[in-house]
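# Structural features, examined
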Amino acid sequence: MIVHQSRERGGGRAAWHWRANAVVVGYLAATLVAMGFHVAGRTSAWLPVHILLLGAATNAIVVWTLHFTTTLLHPAQKRAPRYLPRLVILNIAVLGIVSGASMHRSVLVVLAAALFGVVIVSHGWFLLCALVTMRAPRFAVTTWFYCAALVALMFGATAGTALSVGVQAGWYTRLLAAHVHANVFGWIALTVLGTQVAFWPMVLRTRIGAGTESAARQAFPLCAGGLALTLAGLMAGGRPLAIVGLAGYIAGAARTLEPFVRTAAARPPRTPAAWMLAAATGWLVVALVTDLATVVRAAGLAAVAVDIEQFVPWVLAGFVAQVLMGALTYLLPVVLGGGPAGGRRIAIVLDRWGFTRVTAFNIGVVLVALR
């Protein structure tokens, strides 16, 4: 269903995706360059982390949540007006935040963060309008996941701005822990969990299994409520509340991933895109379990913040970067035009040495995690 609707005639949609996804690929390349500078000791880990999250991941999520919402829900307004200018403004804000933080210019960070917030709120408004005017409510839960992810992003971005400007020592560890949880398990993970309801069977070229949508509807309050409790506990300095929230979030993630596992068991992954998405989901599960164990055994929030900083690199590589690469590997041949023949040509190029690349990448993530 989604594949056929995405291959619209004419160059409008293809041109849109060429421009939008070229920005994502550019940020991924910039992340590698920044990582090289970090390894050489010329910059902190903050730079590649935020180029990946603010640049690559945020652009990809805005583009693809727009795509999936309009495709799945069939809202009255198919495309929000002037979305390309919104992406331009979004990236001006991202570059302002990254450069301002790198140069320790607090005023620039605050102004850019405010601009960033305006774009994200406008995107959230479009998603809510799509829910109100939808003609096909079957997958409405997917867009509800997106809306919750946007709320988490606004919280995480606010906490990050406060950290960049400077806060009292007692608040630093609380804000840091909440900032990481809101952005990784909120903005990124909630989006992924909501999308995989329809996307994973599509990647495996099979039908959506019975009970998949109901599982997502049951999981949504657990994930969204669990994340809210986690953030409240971290901000209040109450680890027991954060533990309860994380447990609820994990229960929700397990519920929504149950059809994911069942579908993969019935039709195992065969393409590089499917392998990457399966591996990325596995790393998300490992990250959630590791995070819960970290909060449970930590002596206090200061220890939680230290442990979080240690496992962020492999979570970002194994989960965030890999889910981006897997999604792009599958979606680009579908939406870039040229018909079935053109899509196959692009897929052949992207799939070349696929299993070797996926294996090598995940071995690298394991080495980073064990270092």
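Look above for the structure.
For every chain, the first residue of its written sequence is number 1, and the numbers climb from 1 along that sequence. In keeping with the predicted nature of the model, local features appear solely for residues at pLDDT of at least 70, side-chain atom pairs appear and are counted solely at 80 or more, and the whole-chain, interface and lining totals rest on all residues. Excluded from the side-chain calculations are hydrogens and water; all other atoms, namely the structure's heavy atoms, are used.

### What about a nonpolar patch on the surface?
Distance thresholds for patches are 9 Å for like charges and 5 Å for nonpolar side chains (Val, Leu, Ile, Met, Phe, Trp, Tyr), applied to residues having over 30% relative accessible area and no salt bridge. Using a 1.4 Å probe, accessible areas were evaluated by the Shrake-Rupley method; residue-level cover was limited to the displayed protein chains. Any carboxyl oxygen of Asp or Glu within 4 Å of a side-chain nitrogen of Lys or Arg constitutes a salt bridge here. A contiguous nonpolar patch, built from L84, V88, I89, I92 and L115 and spanning about 380 Å² of accessible area, is present on the exposed surface. Counting from the N terminus, the helices are DSSP H or I runs at least four residues long and the strands are E runs at least two residues long. One can find I92 in helix α4 (residues 83–102).

### A few points about the nonpolar core
F116, I188, F199, Y249, F319 and V320 are the most contacted members of the largest nonpolar core, which totals 118 residues. In what follows, residue pairs with any heavy atoms lying within 4.5 Å of each other are defined as contacts. If near-sequence neighbours (up to four positions away) are discounted, V320 is found in contact with L52, L53, A57, I188 and V315. Definition of nonpolar core: a set of buried residues of the types Ala, Val, Leu, Ile, Met, Phe, Trp, Tyr and Cys, connected through side-chain atoms within 4.5 Å. Residue burial is assigned from relative accessible area. The probe radius is 1.4 Å, only protein chains are included, and a residue is buried under 20% of its type maximum, exposed over 50%, and partly exposed in between.

### With respect to unusual backbone geometry
Of note, H104 is a non-glycine position whose phi angle comes to about 60°, a positive value. Here the phi dihedral of R205 falls at roughly 60°; this positive angle occurs in a residue that is not glycine. Checked against the element boundaries, R205 lands in the loop between α7 (169–203) and α8 (212–236). Assessed through its relative accessible area of 55%, R205 is described here as exposed.

### Quick look at the environment of L176
Looking at the secondary structure, you find L176 in helix α7. Judged by relative accessible area, which is 10%, L176 ranks as buried. The sequence separation of L176 and N362 amounts to 186 residues, and the corresponding C-alpha distance is 27 Å. Apart from the residues within four sequence positions on either side, L176 is in contact with L163, A305 and E309.

### Side note on the pattern of salt bridges
For the structure on display, the rule yields three salt bridges. Residue R138 pairs with E213 through a salt bridge whose shortest N-O separation is 2.3 Å. With R138 in the loop between α5 (106–133) and α6 (140–165) and E213 in helix α8, this residue pair connects regions lying 75 residues apart in the sequence. R138 sits in the partly exposed class, given a relative accessible area of 45%. The partner of E258 in a salt bridge is R262, and the shortest N-O contact between them spans 3.3 Å.

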